[in-house]
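Chain by chain, the residues run as shown.
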Amino acid sequence: MGVADGSVGDHRCCDVGVTGGAAGAIHRRDVLKAGLGSGLVLALGAGGVRPAHAAVLRADPFRLGVASGDPLPHGVTLWTRLVRHPLDAHSMPSRAVRVEWEISRDRRFRGVTRRGLTRAVPELAHSVHVDLRGLRAGTDYWYRFRAGRYLSETGHTRTAPAAGSAPGHLRLGVVNCQDWQNGYWPAYTALAEEDLDAALHLGDYIYEYDPASPYPDRAHNPPRTPGLNQLLTLSDYRNRHALYKTDPALQAAHAAFPWILTWDDHDVENNYANLADDDRAGRRRQSPVRFARERANAYQAYYEHMPIRMPYTRRSSSYRIFRRFDFGDLVRLLVLDTRQYRTDQPGDFHPNAGPEDVGRANIAGSLTGTAQESWLQAGLRSSGALWNVVAQQLMLARMRFDTVPGTAQFMANLDQWDGYAPARTRFLGFLDSAGVANPVVLGGDIHSAWFSDLKVDFDDPAGRVVASEYVATSVSSAFPMELDGQLKAANPTLNPHVRHFDGSRRGYLRVDVDRARFQVEQRSVDSIATRTSPVRTTAAFATAAGAPGVVPA
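Here is what the cut-offs are and how they apply
- Residues numbered from 1 in each chain as written.
- Predicted model: local features only at pLDDT ≥ 70, side-chain atom pairs only at ≥ 80, totals over all residues.
- Heavy atoms only, no water.
- 1 Å grid on protein atoms, 1.4 Å probe; cavity = no way out; pocket = protein on both sides within 12 Å on 5 of 7 lines; lining within 4 Å.
- Points joined across faces, edges and corners; volume = space filled by probe spheres on them.
- Nonpolar A, V, L, I, M, F, W, Y, C, P; charged D, E, K, R; others polar.
- Phe/Tyr/Trp six-rings, centres within 6.5 Å; stacked < 30°, edge-to-face > 60°.
- Helix = DSSP H or I, 4+ residues; strand = E, 2+ residues; numbered from the N terminus.
- Buried < 20%, exposed > 50% of the residue type's maximum accessible area, 1.4 Å probe, protein only.
- Lys NZ or Arg CZ within 6 Å of the ring centre and 35° of its normal.

*Asks:* Break down the layout of surface pockets for me, citing the residues and quoting the values.
*Replies:* Of the pockets and cavities examined, the largest pocket occupies roughly 640 Å³. Lining the largest pocket are 25 residues, with N413, D445, I446, H447 and A478 sitting closest to its centre. Across the lining of the largest pocket, the residue classes tally to 13 nonpolar, seven polar and five charged.

*Asks:* Just give me the short version of the packing of aromatic side chains, but keep the residues and values in it.
*Replies:* The description of two aromatic rings rests on the distance between their centres and on the angle between their planes. Tallied over the full model, the rule gives 24 aromatic pairs. For the ring pair W387 and F518, a centre distance of 5.6 Å and an interplane angle of 55° mean the geometry is tilted. Note that W387 is positioned in strand β16 (residues 387-391) and F518 in strand β23 (residues 517-525), a separation of 131 residues in sequence. Like F518, W387 is buried. Seen in terms of ring centroids, F451 and F541 are 5.7 Å apart; in terms of plane orientation they differ by 75°. Their pairing is edge-to-face. You can see F451 sitting in strand β19 (residues 449-455) and its partner F541 sitting in strand β24 (residues 535-544), a full 90 residues away along the chain. Neither F451 nor F541 differs from the other in exposure class; each is buried. Put simply, the rings of W263, Y299, Y302, Y303, Y312 and Y319 touch in pairs and so form one group of aromatic residues. Positioned over the ring face of W185 is R218, at 4.9 Å from the centre of the ring. Sitting above the plane of the W79 ring, K245 keeps its charged end 5.0 Å from the centroid.

Okay, here's the thing in structure tokens:
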């Protein structure tokens, strides 16, 4: 598996020792215990290098956990960030800190596969990104970091199957929309217990709003400029990411398997489009020049806190994160960015709910931009995979609300693909005409689960289904409960292509792909009002190979 155009990050590391190691069995509950406790005074083996500048660390700096991401057949990205006070972006010393890393095929590190040294620099908030190559394909590994006399917890990761191989199955988790203030994250506690090859995060990792929560310990940390209900500075975004990273359930899920992430609007600001601020007037409104500075701060903090391989230029308001991965010949995964390059939402509706016809008339509108759309088509056209999966932020299927009062026009959410209907028709028409094998679209953003048949023409009841879509509900973000019942009653008439809808539950999707079918389970928690809650499968649907469309599993 590889990144689409060969782009890789600067790993900033060097090997200082290579030894063999025996593989160990995987036990999810042992992942965090394998390091024998965060902050333990322990050298990383006889070959470890004692880092300089260790004196600046007088307390455990690994309080935001560890993570891995962007798995390749022979590589993976390892991540951590050193902090002194997690919610004070300026509390670390203004000097680089050397950090050791090691990776092993044994969860207790009885034999080290690779070991190296990197630098955590203040310009990138003392974050660490190790672009590690030379590993075995389709193999489980455990990794950890050391800075000064402190040892991080242990994380588990897994490389992708070898290029050209024919794996029998792939297991994925799909998550999005984790509003800290709206409740707790028992979904992540459950996700961490799953045996997954990777987790996909489809955006809204953080929320930008001011402190306001019914839970005393879930209020957002205040930004530098309160009252705007948004973040502005690099410190604002760093501190908000760090707050979210302090959650033990999220840390456990990151440490359990590699993640593949993309962003959405709240990772910068609600409903932004390219350099267009969604706020139309008032003191929150920013010019494109000022919004570019805000976006640069958000993008840099996102990079600093994610196990993502794609290189980032510090202080840049542009950051390419669309990329693709191959899991043998079973799955090609194309990860999109539908925020950075999109045209503005059509019309002047707030909050972007307007007549469906406005989206139909948006001929020049694009969610991906021309370059990304061409990249997407090239990646699908050249694919030799059995399943071709497009992971993006939004609901692609048409979703009609009730009619506009006094008219025969239907209402639609113009921030999602309904606002860019010609671009959607063009994409679905391409899937049909190009003969893309078994296309499946994954989405999020709408805080509810939607499993749908995708057609080039949604107005044709007899029209051919060309792809399947599975939209994940949120981890904790709210869905208006009054709409849940209304949509369940209206969908058979207004949205007959929808095979399953549920706005009442929070959780994630569990995806199990084999050579015969693409199976998706909606995994739901009973409550987000407590840190712990049972999780159960509340819906199970599938797409059969060679037969596009969503059917009960």
